[in-house]
Amino acid sequence: MKTHKIILTMLAAAGLFSHTQAQAQSFPVVPLSVGGTFFYNTNQTADSSLTSLKTFSANFNSKDLVALLAKSPAVSNVVLDVTGYSGIPAGSRLAMAANFSKFDVIITNKNGFSFALQGNDPVTGQDYSFAGLVGAMPIVSSFNKNITPPARPHRGRPVGTELDRLSVNFFFNDANGDSFSITSVTQIDWQVFTPGTDGSQLTDVSFDVFGSGAAQFGGIPSTVEVEAAGLGSSVENVSDGEFPFWQWFILSQLPPVNT
């Protein structure tokens with residue numbers, strides 16, 4: 001069965017499913033690779049004596065963004081309140097839960113540290129928002145889902161595929177003078193493979209984002225060009241009918257419904 005749909009916000013009003021059902025789906029957490037450039041100058045106010053103005057640029061990658069967050073006193077305070085760690089440990093990296101919803105970008109490392117870059121500080125009671133890659137309506141999706149996998153499936157052949165195009169906002173703010181925000185369209189590619197006896201399936205996902213927007217670098221107003229990409233896989237419980245992704249995403253935008 002192949003289905004092509006353009007889903008707009010108004011279609012979500014058909015809410016026959018609960019918010020709880022939508023949130024039951026889990027998604028791969030994949031490494032987030034970021035690269036970009038800040039563009040700025042150091043003379044923000046031109047006067048009659050100004051005869052030239054030089055544009056500077058500063059390149060950055062994922063490690064640089066983690067380093068900026070690690071140097072921020074505001075970030076360190078929240079990290080301590082949320083995780084108990086006195087700051088971001090060395091060797092940490094950016095990752096993303098591929099649901100393009102709240103609490104999607106995290107900092108993690110192999111020692112078990114994990115810190116969501118959006119959330120609530122339990123000590124101060126204040127919400128914080130240091131980074132996110134958040135989807136918005138509308139979403140355009142094409143998918144092919146094999147309801148009944150073949151009796152003798154090929155281990156390397158997916159039984160479900162999906163291609164999504166989704167408007168997203170990617171933002172970063174270390175609360176220490178460095179920030180950016182871009183609005184872009186991401187393309188998301190999904191593959192799911194033959195379910196195991198426990199109902200779990202290997203799920204592959206890849207996506208990329210590119211755009212430009214307003215920024216600050218070291219407290220100086222600037223512009224930015226940013227590219228971000230994710231690629232990874234994990235074993236997910238997608239046997240509950242909530243794959244394809246667009247079905248989950250539409251349901252996740254609905255207000256809670258009592259069932």
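None of the values given here were measured: they were computed from a predicted structure. (Residues numbered from 1 in each chain as written. Predicted model: local features only at pLDDT ≥ 70, side-chain atom pairs only at ≥ 80, totals over all residues. Heavy atoms only, no water.)

Caption draft 1: Highlighting the overall build of the chain. Looking only at helices and strands, the chain has 4 helices and 13 strands in total. Across the 259 residues that make up the chain, the buried fraction comes to 42%. Counting only carbon and sulfur atoms, one obtains 53% of the accessible surface of the chain, whose full area is about 13,700 Å². (Helix = DSSP H or I, 4+ residues; strand = E, 2+ residues; numbered from the N terminus. Buried < 20%, exposed > 50% of the residue type's maximum accessible area, 1.4 Å probe, protein only. Areas by Shrake-Rupley, 256 points an atom, 1.4 Å probe, with all protein chains shown as cover.)

Caption draft 2: Quick peek at empty space enclosed by the protein. Throughout the structure, instances matching the rule amount to 2 cavities of 30 Å³ or more. Computed from the structure, the second largest cavity encloses a volume of approximately 40 Å³. Of the residues forming the lining of the second largest cavity, the biggest block, 3 residues, is contributed by strand β10 (residues 160-173). Residues belonging to the lining of the second largest cavity are distributed by class as follows: 9 nonpolar, no polar and no charged. (1 Å grid on protein atoms, 1.4 Å probe; cavity = no way out; pocket = protein on both sides within 12 Å on 5 of 7 lines; lining within 4 Å. Points joined across faces, edges and corners; volume = space filled by probe spheres on them. Nonpolar A, V, L, I, M, F, W, Y, C, P; charged D, E, K, R; others polar.)

Caption draft 3: Spotlight on the pairing of strand β5 (residues 105-108). Of the two faces of β5, the one lined by V105 and I107 and the one lined by I106 and T108 are each fully buried. Across 4 bridges, the pairing between strand β4 (residues 93-97) and β5 is antiparallel. Note on β5: the bridge partner recorded for A95 is I106. With 3 bridges joining them, β5 and strand β6 (residues 114-116) adopt antiparallel strand pairing. In the sheet register, T108 faces β6, and the bridge partner there is S114. (Pairing = 2+ DSSP bridges.)

Caption draft 4: Spatial organisation of the environment of N144. Note that N144 resides in strand β9 (residues 131-145). A residue is classified by how much of its surface remains accessible, and N144, at 34% relative accessible area, is partly exposed.

Caption draft 5: Up close: the confidence of the model for the chain. Summary statistics for the chain give a mean pLDDT of 82 and a share of 79% for residues scoring 70 or more. No element of the chain has a lower mean pLDDT than strand β1 (residues 2-7), at 34, and none a higher one than helix α2 (residues 62-71), at 98. Residue range residues 1-24 is modelled with pLDDT below 50. Its contacts to residues more than four positions away, or to other chains, number 43 contacts. (pLDDT = per-residue confidence, 0-100. Contact = heavy atoms within 4.5 Å.)

Caption draft 6: Representation of the nonpolar core. Grouped together as the largest cluster of nonpolar side chains are 51 residues, with contacts concentrated most on V34, L94, F100, L117, L133, F180 and F245. Excluding anything up to four places from it in sequence, F245 contacts F27, A98, N99, F100, I139, E162, D164, L166, I188 and W190. (Core = buried A, V, L, I, M, F, W, Y, C linked by side-chain atoms within 4.5 Å.)

Caption draft 7: Spatial organisation of unusual backbone geometry. Residue P138 is bonded to the preceding M137 through a cis peptide linkage, with omega at -5 degrees. Located in the positive-phi region is F100, a residue other than glycine, with phi close to 50 degrees. Relative to the assigned elements, F100 resides in the loop between β4 and β5. Given a relative accessible area of 0%, F100 falls into the buried group. Within the chain, A175 stands out as a residue other than glycine whose phi angle is a positive 55 degrees. Turning to its location among the elements, A175 is positioned in the loop between β10 and β11 (179-192). Note on A175: relative accessible area 44%, which makes it partly exposed.

Caption draft 8: Layout of the packing of aromatic side chains. Per the stated rule, a full pass over the model turns up 21 aromatic pairs. Grouped by ring-pair contacts, the aromatic residues F38, Y40, F56, F60, F170, F172, F180 and F217 constitute a single cluster. (Phe/Tyr/Trp six-rings, centres within 6.5 Å; stacked < 30°, edge-to-face > 60°.)

Caption draft 9: Structural detail: helix α4 (residues 245-252). Counting buried positions over the 8 residues of α4 gives 7, a clear majority of the element. Burial in α4 covers these residues: F245, W246, W248, F249, I250, L251 and S252.

Caption draft 10: Expanded view of the environment of W248. Here W248 lies in helix α4. Remark: the alpha-carbon pair of W248 and N99, spanning 149 residues in sequence, is separated by 8.7 Å.

Caption draft 11: Examining the side chain of S92 more closely. Mapped onto the elements of the fold, S92 is located in the loop between α3 (73-83) and β4. The class for S92 is buried, based on a relative accessible area of 12%. At a separation of 2.8 Å, a polar atom in the side chain of S92 contacts the main-chain carbonyl oxygen of P89. Of the polar contacts made by the side chain of S92, one reaches the side chain of N109; its length is 3.4 Å. Excluding residues that lie within four positions of it along the chain, S92 makes contacts with V66, I107, T108, N109 and F113. (Polar contact = N/O pair within 3.5 Å; in protein donor to acceptor, adjacent residues only side chain to side chain.)

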